[in-house]
Amino acid sequence: SKRVAILISGSGSNMVSLANSMTGDHPARPCVVVSNVPGVAGLQKAKDLGIATACVDHKPFGKDRDGFEKALSEVLRDHAPDIICLAGFMRILTPGFVADWEGRMLNIHPSLLPLYKGLNTHARAIAAGDAEAGCTIHEVTAALDDGPILGQARVAVAPDDTPDTLAARILPWEHRLYPAVLERFAAGDRTPLFLP
Ligand code: GAR
């Protein structure tokens, strides 16, 4: 089966949903969870699930993105993934690293791409008066939050939504969408999946 590395920076709830989905006749298995932030809750959750973990702290590298990515690549090489899933991984990757994993790296982004690339997606959707918001899984390309869309889930924005209430409505859809897209992707199916 395909080996999946999951990259995180925080709580790791999407990592848990991915890891829990890779059982039975699923075409993939988790091989390692890597965080760029030491001590985050997601690392402990991965350990509790019996998955190998690693931390490559970006801070000692300062502005040296290549140095950070070289260290990250060494960790990945040790675990030989076929696929990388970015799951709340909050570092921008350089075109060189992205090219190394072209066609084999997925990201989840909490907006209906191509709307609201970058940060503060829920606040921007509310400020724009959007009737709908959601989340997107896409293949990672050199441009930020760009690349072929593999899946999208949408929810209604409520009149009294705050960024937090909207995020809380979208997150359960992230947890459904990412495993469903990964299962298809690992089986070679890149047709976009739209939920609900
Ligand atoms: C998720 O909502 C994910 O969509 C978002 O961060 C959260 C991570 O939560 N990702 C981004 O903003 C990527 N730029 P998690 O650690 O519990 O999965």
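Not measured: the values here are computed from a predicted model.

With that settled, the discussion passes to the site of the ligand. With respect to spatial proximity, the complete set of residues near the ligand consists of Ser11, Gly12, Ser13, Asn14, Gly88, Met90, Ile108, His109, Pro110, Leu171 and Glu174. In the environment of the ligand, an oxygen atom lies 2.8 Å from a nitrogen or oxygen atom belonging to the backbone of Gly12. Within the side chain of Ser13, a nitrogen or oxygen atom sits 2.6 Å from an oxygen atom of the ligand. For the ligand, whose unbound accessible area comes to 440 Å², protein coverage reaches 83%.

Relative to the helices and strands, Ser111 is located in the loop between β5 (105–109) and α5 (121–127). What makes Ser111 buried here is its relative accessible area of 3%. When neighbours within four sequence positions are excluded, Ser111 is seen to be in contact with Tyr116, Thr121, Gly134, Cys135 and Thr136.

Reading across from one edge, β3-β2-β1-β4-β5-β6-β7-β8 is the order of the eight strands in this open sheet, with mixed pairing throughout. Strands with a single pairing partner mark the edges of an open sheet, and in this sheet they are β3 (53–55) and β8 (193–195). Between one strand and the next, the sheet's axes are offset by a mean angle of 20 degrees, whatever the strand orientation. Here four bridges tie strand β1 (residues 2–8) to strand β4 (residues 83–86), and the two strands are oriented parallel to one another. Within the sheet, the bridge partner assigned to Ala5 lies in β4 and is Ile84. Across the sheet, helix α2 (residues 41–48) is in contact with β1, β2 (28–35) and β3; its angle to β3 comes to roughly 160 degrees. Against the sheet, helix α3 (residues 65–79) makes contact with β1, β2, β3 and β4, and its axis sits at roughly 155 degrees relative to β2, the strand it touches most.

Of all hydrophobic cores here, the largest spans 36 residues; its most connected members are Val4, Ile6, Leu18, Cys85, Leu106, Tyr178 and Leu182. Setting aside residues up to four positions removed in sequence, Val4 forms contacts with Met22, Ala28, Arg29, Pro30, Cys31, Val32, Pro81, Ile83, Cys85 and Leu182. Of all hydrophobic cores here, the second largest spans 21 residues; its members include Val34, Leu93, Phe97 and Met105.

What counts as what
- Residues numbered from 1 in each chain as written.
- Predicted model: local features only at pLDDT ≥ 70, side-chain atom pairs only at ≥ 80, totals over all residues.
- Heavy atoms only, no water.
- Near = heavy atom within 4 Å.
- Polar contact = N/O pair within 3.5 Å; in protein donor to acceptor, adjacent residues only side chain to side chain.
- Areas by Shrake-Rupley, 256 points an atom, 1.4 Å probe, with all protein chains shown as cover.
- Helix = DSSP H or I, 4+ residues; strand = E, 2+ residues; numbered from the N terminus.
- Buried < 20%, exposed > 50% of the residue type's maximum accessible area, 1.4 Å probe, protein only.
- Contact = heavy atoms within 4.5 Å.
- Pairing = 2+ DSSP bridges.
- Axes fitted to C-alpha atoms, helices over the stretch in contact; angles between N-to-C directions.
- Core = buried A, V, L, I, M, F, W, Y, C linked by side-chain atoms within 4.5 Å.

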